[in-house]
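So the chains spell out like this:
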Amino acid sequence: MDKVRGRFAPSPSGEMHLGNAWTALLAWLEVRKANGTMVLRIEDLDPDRSRPEYITGIMRDLAWLGLDWDEGPDVGGAYGPYVQDERRNLYQIMLDRLIASDLVYPCYCTRGEIQAAASAPHAGEGELGYPGTCRNGNSQTVKSDRNPALRLKVPDRMISFEDGLKGRVAENLARTSGDFIVRRSDGVHAYQLAVVVDDAMMRINQVLRGDDLLLSTPRQLLLYDELGFTPPGFTHVPLLYSPDGHRLAKRQRHLALAKLRENNIAPEKLVGYLAWKAGLLDCWQSVQPAELIGTFSLAKLPREAVVVAYDVFTK
Ligand code: GLU
């Protein structure tokens, strides 16, 4: 069997918080358990959301937690660059392949047009899915008004995979997302395309990430197929939630790793908390990530959202 290659792929759109630490820890443990190679890739594709100062913050926070990587922006490696901003030419090369195979078309629709069409009774089951207007050249928007986005034609068939935690997942993209964007109208390549190109070209064969991305996976599998790449195995872990039912996010500033560090919370205490919530420890105790490698197993991980008390580290 090939050596396991996994990755952690944060977006530098804010400070790392407890939820990022959770997925980073689990992805790291899965790789280390298999004696694999850990890759750190910075997903700063979207210039509107990314800020360079967060990149150093992410690396500092990961190191503080005790999570290391074998390839990444700072240490290099055979499959770099490890920053998406420096890989745009690769995304375009792959996009050109899709264009050459007639799998992509320009879309001039405005957001308003898409919403109007999607809420029309005949629009089918796709809630927010693209109704295919420009596939048939029916956009109301005058074409010269704006640059088009590029969309991938999705087939009307089930795409399925075996998730490491969720079991069999199947989706017919024609009934959900519809034809999805592979390059935005401002010329930025879409996450779905970039992540496939990156994971494929970085030879990633194991992906563990948050289950907010579960429904992105069928889109990515379609791209793997159309670009002729072998997809990795996927495991989507439940996310951390606050007691009021919201996903832990950057706005819970007191759970930013930098803030916890500032408040003298030891990284071992934090890692121990996450490991306990992950079912890897029977009780909350301080540990280093490396001490958890032996006990890590996907079978122990929770299947449902994990709730984190607001004052978890201040009590
Ligand atoms: N960059 C994405 C995020 O921070 C993760 C993408 C992935 O793991 O596929 O949410």
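Residues numbered from 1 in each chain as written. Predicted model: local features only at pLDDT ≥ 70, side-chain atom pairs only at ≥ 80, totals over all residues. Heavy atoms only, no water.

Novice: Tell me about the packing of aromatic side chains, residues and numbers included.
Specialist: Applying the stated criterion across every chain yields a total of six aromatic pairs. Centroid distance Y273 to F313: 5.3 Å. Interplanar angle 70°. Geometry classified as edge-to-face. On the criterion of sequence distance, the pair formed by Y273 in helix 8 (residues 267-277) and F313 in the segment after strand 11 (306-307) is long-range, its members being 40 residues apart. Judged by its relative accessible area of 7%, F313 is buried. Counting every residue linked through ring pairs, the aromatic cluster contains Y273, W276, W284 and F313. Positioned above the aromatic ring of Y130, the side-chain terminus of R151 is 3.5 Å from the ring centre. A cation over a ring is seen here: R261 above W64, with NZ or CZ 5.1 Å from the ring centre. (Phe/Tyr/Trp six-rings, centres within 6.5 Å; stacked < 30°, edge-to-face > 60°. Helix = DSSP H or I, 4+ residues; strand = E, 2+ residues; numbered from the N terminus. Buried < 20%, exposed > 50% of the residue type's maximum accessible area, 1.4 Å probe, protein only. Lys NZ or Arg CZ within 6 Å of the ring centre and 35° of its normal.)

Novice: Would you mind going over the pattern of salt bridges in detail, with residue names and values included?
Specialist: In this structure the tally under the stated criterion is 24 salt bridges. The closest approach of N and O atoms between R41 and E43, which form a salt bridge, is 2.9 Å. You can call R41 buried: its relative accessible area is 0%. Assessed through its relative accessible area of 9%, E43 is described here as buried. Between K153 and D102 there is a salt bridge whose closest N-O contact spans 3.6 Å. Here K153 is found in the loop between strand 4 (149-152) and strand 5 (158-163), whereas its partner D102 is found in the loop between helix 3 (88-100) and strand 3 (104-107), with 51 residues between them in sequence. Judged by relative accessible area, K153 falls into the partly exposed class, the value being 23%. Within this structure, R7, R41, E43, R87, D198 and D199 form a network of salt bridges that share partners. (Salt bridge = Lys/Arg side-chain N within 4 Å of Asp/Glu carboxyl O.)

Novice: I'd like a description of helix 8, backed by residues and values.
Specialist: Looking at helix 8, one finds that the buried residues are P267, L270, V271, G272, Y273, L274 and A275. The inward-facing, buried residues of helix 8 contact helix 1 (18-33), helix 2 (52-65), strand 10 (240-241), helix 7 (257-262) and strand 11. Directly after helix 8, the chain includes G279, whose backbone phi takes a positive value near 80°. (Contact = heavy atoms within 4.5 Å.)

Novice: Tell me about the site of the ligand, and please be specific about residues and values.
Specialist: Near the ligand, the surroundings consist of R7, A9, P10, S11, E43, Y191, V195, R209 and L213. One of the side-chain nitrogen or oxygen atoms of S11 is found 2.9 Å away from a nitrogen atom of the ligand. Here an oxygen atom of the ligand sits 2.8 Å away from a polar atom, N or O, in the side chain of Y191. Within the complex, 76% of the 300 Å² of free accessible area of the ligand lies under protein. Looking at the shell around the ligand, its residues break down into five nonpolar, one polar and three charged. (Near = heavy atom within 4 Å. Polar contact = N/O pair within 3.5 Å; in protein donor to acceptor, adjacent residues only side chain to side chain. Areas by Shrake-Rupley, 256 points an atom, 1.4 Å probe, with all protein chains shown as cover. Nonpolar A, V, L, I, M, F, W, Y, C, P; charged D, E, K, R; others polar.)

Novice: Tell me what's going on with the pairing of strand 6 (residues 167-172), and back it up with residues and numbers.
Specialist: Relative to strand 6, strand 5 runs antiparallel, the two sharing six bridges. Among the inter-strand pairings, D163 is bridged to a residue of strand 6, identified as G167. What sits between strand 5 and strand 6 in their antiparallel hairpin is a turn of three residues. (Pairing = 2+ DSSP bridges.)

Novice: For the confidence of the model for the protein, give the residues involved together with the corresponding values.
Specialist: Here the protein averages 92 in pLDDT, and 94% of its residues register 70 or above. Across residues 121-126 the pLDDT falls below 50, and counting only partners more than four positions away or on other chains, this stretch makes five contacts in the model. (pLDDT = per-residue confidence, 0-100.)

Novice: An account of the nonpolar core is needed here, citing residue identities and associated values.
Specialist: Among the nonpolar cores identified, the biggest contains 49 residues, and L18, L26, L62, L270, L274 and F313 are the most heavily contacted of them. Listed by contribution, the elements that provide at least two residues to this core are helix 1, strand 2 (37-40), helix 2, helix 7 and helix 8. The greatest single-element share of this core, amounting to 10 residues, is contributed by helix 1. (Core = buried A, V, L, I, M, F, W, Y, C linked by side-chain atoms within 4.5 Å.)

Novice: I'd like to hear about the environment of A34, residue by residue, with values.
Specialist: Positionally, A34 belongs in the loop between helix 1 and strand 2. A34 gets classed as partly exposed once you look at its relative accessible area, which sits at 37%. Distance from A34 to R5, taken between C-alpha atoms, is 9.2 Å for residues 29 residues apart in sequence.

Novice: Kindly report on the side chain of D46, identifying the contributing residues and their values.
Specialist: Its place among the elements puts D46 in the loop between strand 2 and helix 2. Reaching out from D46, the side chain makes a polar contact with the backbone nitrogen of D48 at a distance of 2.9 Å. Here the side chain of D46 touches R184 through a polar contact of 3.2 Å, side chain to side chain.

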